[in-house]
Amino acid sequence: MELGEQDYSSHMNKENLTLQQTEVVEKILKFAKLDINDLKPDVQQVYFDNNLQTDGLKLLELNPSTLHHLENGGKLILKGLNSENCVLCTDEATFDVKDAEISNALLLVSGANFDLPAQSQSKADKNFLSDIELNARRNHNDNHNGTDNSKDSDYRGHDKDNDGVAGNVQAECGSNTNTLAVTPSKSHIDIRLSKIRVSSTCHCYLELRAIKPRINAIMKLLGPTSYDGPEHETDAFGKLTMNDLVSLLPASNTELVCALSSLNIVELNGYVRMVDFDYLARVISSISALIEENSWHFGSFSRLETLATLEELYPVEIIDHALQSYGYSLGPANPHSDIWQLDEEKVCKFFAEMLLRPTTKFNLEEFLTAWKDSVPEGMMTQLTQLRGIAFLESETQPAVIRYFPVQNLSEDIKVRFEELFEAKDRWSLEEITPYIEPLTVGKLTVSVLVMKHARSFSSSGVKYFTRKYMKQ
């Protein structure tokens, strides 16, 4: 291959530049007391762009499952209320978004290669530089034979400070990459110089932490328009559709549907409504009374007949919602899909809340009697059914039941523990579990959260948890 005068001049300029760059690399290695033979063949030089950005980009850290979701065409949606922290949602999961600061700077670069092959020079490079390489090799061989060809060729670079190491330079035109064949006294290594441009620096990134849907946000949105009977209905001002909730609530679609099913939520005339507790109590009491009047058993009664009998008193959607929330169909086990059964634990818990809501505390013996008399005939009441709505204060005389619903507590884990220990000085693991369980996610189990935010001690063989730090 023949090179014109202009091409030859270009090669010579790049050669001189390459020699200067290589000398810098060798000096840095010598200063760091590193042997050039310990390096990989490719050396990447980092330089900062003239238009360097410091705040134009945000880095987002993704776990493998979320990254897989995104790579397969899934969406990541940022949303939340003005009064709440921003969350990121996939179709099935919700993540809290936090700024994570780092002491070092993160450099956003282009062209970096973190898995370079041992021989990175391409075939095209070798063909293009064949004439220069032959000449360089001739000079190199003459060096070892004691012949001085300095007048015949200027294609040798010497570094007298590096124990007489001679270098043959290969220059690649039209590229930021240059290759230097450095020949130490006992071995041979090809160093390939390349440039890496830093376009931006960051001192923080967005970190994701999996969380449960914020139930309090749902109640805050739907509370003002709760349904308490047709006589109190007004216009549609302030009412929300399902699409409104999906766009506003900090939760994934799948989690939102599950959260709504656990609350007293029903769709009326195209709007999602929360059913007022007292109004729902009237509906469930009417269902219980109807079962008793017809001498039915709560474990087997007609859903259609219940709807037909009570539809003059309440909207069919509300009656059906009550049956769906506090009962279930026996259809899978019975060919008559109309046969329905009330859920004993859910119904007993609901009647207990009916008794406890008007007062903060209730004498234990009086409460147990009133509770037993209020539930449908045949149902058995148990203190374990009060999980998440009340706790027992057995240290007082007489013992009392205190109304303490989990939905009234903060969804911030630190604040929730403060509220728990404000209400009660010490909790057993069994007592505190229903109040912490809604905030568990992944490896953050109840035990992990309690050990992190509380201090444990044993009394009479029972392990209790109290404040981690003394109250100031």
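For clarity, every value in this text was computed on a predicted model and none was experimentally measured. (Residues numbered from 1 in each chain as written. Predicted model: local features only at pLDDT ≥ 70, side-chain atom pairs only at ≥ 80, totals over all residues. Heavy atoms only, no water.)

Enquirer: What is the right way to look at empty space enclosed by the protein in this model?
Expert: Empty space among the atoms becomes visible once a probe the size of a water molecule is rolled across them. Within the structure shown, the criterion is met by one cavity of 30 Å³ or more. Its volume calculated, the largest cavity comes out at about 40 Å³. What lines the largest cavity is Ile284, Ile287, Ala322, Leu323, Tyr326, Leu342 and Val347. At the level of elements, helix H8 (277–293) and helix H10 (316–326) are the ones that each hand at least two residues to the lining of the largest cavity. It is H10 that provides the largest number of residues to the lining of the largest cavity, a total of three residues. When grouped by side-chain class, the residues that make up the lining of the largest cavity number seven nonpolar, no polar and no charged. (1 Å grid on protein atoms, 1.4 Å probe; cavity = no way out; pocket = protein on both sides within 12 Å on 5 of 7 lines; lining within 4 Å. Points joined across faces, edges and corners; volume = space filled by probe spheres on them. Helix = DSSP H or I, 4+ residues; strand = E, 2+ residues; numbered from the N terminus. Nonpolar A, V, L, I, M, F, W, Y, C, P; charged D, E, K, R; others polar.)

Enquirer: I keep staring at the sheet that holds strand S19 (residues 462–467) and nothing clicks. Help me out?
Expert: Two strands in a sheet stick together by hydrogen bonds in their backbones, pointing the same way (parallel) or opposite ways (antiparallel). Taken together, three strands build an open sheet; the order of strands is S17-S19-S18 and the sheet is antiparallel. Because the sheet does not close on itself, it has two edges, and the strands there are strand S17 (427–428) and strand S18 (454–459). Seen against the sheet, helix H15 (residues 446–453) touches S18 and S19 and runs at an angle of roughly 100 degrees to S18. (Pairing = 2+ DSSP bridges. Contact = heavy atoms within 4.5 Å. Axes fitted to C-alpha atoms, helices over the stretch in contact; angles between N-to-C directions.)

Enquirer: Explain the pattern of salt bridges to me, please; I cannot follow it from the model alone.
Expert: Opposite charge on two side chains allows them to pair when their charged atoms are near. Per the stated rule, a full pass over the model turns up 12 salt bridges. With its nearest N and O atoms 3.8 Å apart, the salt bridge here joins Lys98 to Asp96. Between Glu393 and Arg402 there is a salt bridge; the shortest N-O distance is 3.9 Å. Several salt bridges converge on common partners, so that one network encompasses Asp96, Lys98 and Arg209. (Salt bridge = Lys/Arg side-chain N within 4 Å of Asp/Glu carboxyl O.)

Enquirer: Can you walk me through the pairing of strand S15 (residues 390–393) in this structure?
Expert: Two faces make up the sheet, and in a regular strand the side chains alternate between them. In this sheet, strand S16 (residues 400–403) lies alongside S15 in antiparallel orientation, the contact comprising four bridges. Bridging from a neighbouring strand, Phe391 pairs with Arg402 of S16. Hairpin connection of S15 to S16: six residues between the antiparallel strands.

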